[in-house]
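Per-entry structural report
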Amino acid sequence: MIIDKIQLAGLDAYFQDPNNPGQINIAGQVTSRTKPLGKGKQLEISAIELLIESDSDLTDLFNFQPNPLFSITVMKEMFPAMFADPFRHRVHSIGGFEDFKCGTLENVKAMDIDGIPTIVSIGTGKVYWISPLYPMPESITINHASWELAASRKTPPENFKYSLKLLKFDSNHNLIQTVHLTNPNNPSQPGNLDPTKPRKAENFDLKDVGFYQIEFTADVKKDTAIYEKHTTLIGKSIGTPLLRAVNLLEPVESVYNIHSLQELLSLSAEYHLFENQGQPIKKMLVTLDLSATLVHSDYAKFMNNDPNDPICFTDPNSFYEFVEITVRTDKLKIVEAKLNGEVLTKSNGK
């Protein structure tokens, strides 16, 4: 195994115009993102250095603008196979003994399995758990969900089937909408999954949620190994470890939607304004704080099979971790954005 760490440098450190590879001026409402990382690579980002220049005075842009001047997105695999920006989402995590034991349980119990509170079936057959009703301080939107099962993805699909629902209530605790999370292609229709299937639901956009509840059902056909561990103690089998957690993602406004140059400076470790006495400000250098770690994604598919190629177009159905910057104003002549960071490379022998 060889592990190497180098400072990101050269053209690779710059955001480039995707329509003109090698062009580092991304002014003019351009969106640019980092390339997918090859296997064994990791990018540790600490900041983005920005050179901003205009033909006219920049002073007006220090005032709040209704539309952002810049937007920065950090795409991460927040949960297995689920890619989202952690700066643009708040996570609601349902799990642990407090949540599991406060709900209604039928033919299941909450147990510690490998140090993690888990809903476990009692024997085989149909099981049911519904969480307490969770009130929100104000109405929210939920647009993604990810859940964790104790069962491996290699578990035989015939062992059990399960379904997961997200229930929305009004202020009088009346049920007004049900989203079937286990049918992500059509979240308004029921779905039953086996443990080999993806454990996520995306882009269902449930709005104006004041109260919500999680409902989990399963039909367990076969016991697992904890039957042998516990049967002599309680006289009956304990079936299958099932649900460990449900994570709901709420979209929120990001501090990296930057509406003025003053906001940009407030997020920056240092800056320099090129100004002369009595002359307008037309040029500035800014070091924007941004801490992010990007890693290789097995979900990325390279159309030319070479992620190190400067012209590397990815399959539109693939996913990978990246940082993206969008210049949303046409009032700038030059915008250059350079990443401060380190590249870690690891190689495993065969």
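Because the structure is a prediction, the values reported are computed rather than measured. (Residues numbered from 1 in each chain as written. Predicted model: local features only at pLDDT ≥ 70, side-chain atom pairs only at ≥ 80, totals over all residues. Heavy atoms only, no water.)

1. Here we look at the overall build of the protein chain
Helix and strand counts for the protein chain stand at three helices and 20 strands. At a minimum sequence separation of 6, the contacts of the protein chain that also span at least 24 residues come to 74%. By element, 48% of the accessible surface of the protein chain is carried by carbon and sulfur atoms, the whole surface being about 18000 Å². (Helix = DSSP H or I, 4+ residues; strand = E, 2+ residues; numbered from the N terminus. Contact = heavy atoms within 4.5 Å. Areas by Shrake-Rupley, 256 points an atom, 1.4 Å probe, with all protein chains shown as cover.)

2. Topic: the nonpolar core
One finds I48, F70, L261, L264, M284 and V323 to be the most contacted residues of the largest nonpolar core, which totals 40 residues. Secondary structure elements with two or more residues in this core: β3 (41–53), β4 (70–79), α3 (261–266), β18 (283–295), β19 (322–327) and β20 (334–347). Examining the composition of this core, we find that six residues originate from one element, β18, more than from any other. Contacts of M284, omitting those with residues within four sequence positions, involve L50, L51, I52, L58, F62, L261, L265, H272, L273 and F274. Among the nonpolar cores identified, the runner-up in size contains 35 residues, and I94, A110, L164 and L248 belong to it. (Core = buried A, V, L, I, M, F, W, Y, C linked by side-chain atoms within 4.5 Å. Buried < 20%, exposed > 50% of the residue type's maximum accessible area, 1.4 Å probe, protein only.)

3. Observations regarding the packing of aromatic side chains
Enumeration according to the criterion identifies eight aromatic pairs in this entry. Taken together, a centroid distance of 5.1 Å and an interplanar angle of 80° make the contact between F87 and Y256 edge-to-face. Taken together, the residues span a long stretch of sequence, with F87 in the loop between β5 (82–84) and β6 (89–95) and Y256 in the loop between β15 (243–251) and β16 (257–258) at a distance of 169 residues. Judged by relative accessible area, which is 31%, F87 ranks as partly exposed. With centroids separated by 5.5 Å and ring planes inclined at 45°, the aromatic side chains of Y134 and Y212 adopt a geometry described as tilted. Here Y134, found in strand β11 (residues 134–149), pairs with Y212, found in strand β14 (residues 200–220); they are 78 residues apart in sequence, far enough to count as distant. The ring of F319 is capped by K200, whose NZ or CZ atom sits 5.5 Å from the centre of that ring. (Phe/Tyr/Trp six-rings, centres within 6.5 Å; stacked < 30°, edge-to-face > 60°. Lys NZ or Arg CZ within 6 Å of the ring centre and 35° of its normal.)

4. Brief notes about the confidence of the model for the protein chain
Of the residues in the protein chain, 89% have a pLDDT of 70 or more, and the chain-wide mean is 89. β16 holds the highest mean pLDDT among the elements of the protein chain, 98, whereas helix α2 (residues 226–234) holds the lowest, 46. Note on residues 226–235: pLDDT is under 50 here. Beyond four places in sequence and across chains, it has twelve contacts. (pLDDT = per-residue confidence, 0-100.)

5. Comments concerning the environment of I325
Locating I325 in the fold gives a position in strand β19. A residue is classified by how much of its surface remains accessible, and I325, at 0% relative accessible area, is buried. As a C-alpha pair, I325 and T34 span 291 residues in sequence and 9.1 Å in three-dimensional space. With sequence-adjacent residues up to four places away left out, I325 is seen in contact with F15, I26, V30, T31, S32, L50, S71, I72 and A337.

6. A closer look at the pattern of salt bridges
In this structure the tally under the stated criterion is 15 salt bridges. Its salt-bridge partner being E53, residue K333 comes within 3.7 Å of it at the nearest N-O pair. Here K333 is found in the loop between β19 and β20, whereas its partner E53 is found in strand β3, with 280 residues between them in sequence. Of the residues examined, K333 reaches a relative accessible area of 38% and is grouped as partly exposed. A relative accessible area of 19% places E53 in the buried class. When salt bridges with common partners are traced through the structure, they connect E53, D55 and K333 into a single cluster. (Salt bridge = Lys/Arg side-chain N within 4 Å of Asp/Glu carboxyl O.)

7. Some words on unusual backbone geometry
The phi angle at D114 is positive, at roughly 55°, despite the residue not being glycine. By secondary structure assignment, the location of D114 is in the loop between β8 (108–113) and β9 (116–121). Residue D205 is not a glycine yet carries a positive backbone phi of 55°. Tracing the backbone through its elements, the reader meets D205 in strand β14.

8. Looking at the pairing of β8
Where β8 lies against β9, six bridges are found, and the strand directions are antiparallel. Within β9, the residue paired with I113 across the bridge is I116. Connecting β8 to the next strand, β9, in antiparallel fashion are two residues, including D114 with a positive phi near 55°. (Pairing = 2+ DSSP bridges.)

9. Side note on the environment of Y320
Its location among the elements puts Y320 in the loop between β18 and β19. Sequence separation between Y320 and D298 is 22 residues, and the spatial gap between their C-alpha atoms is 7.9 Å.

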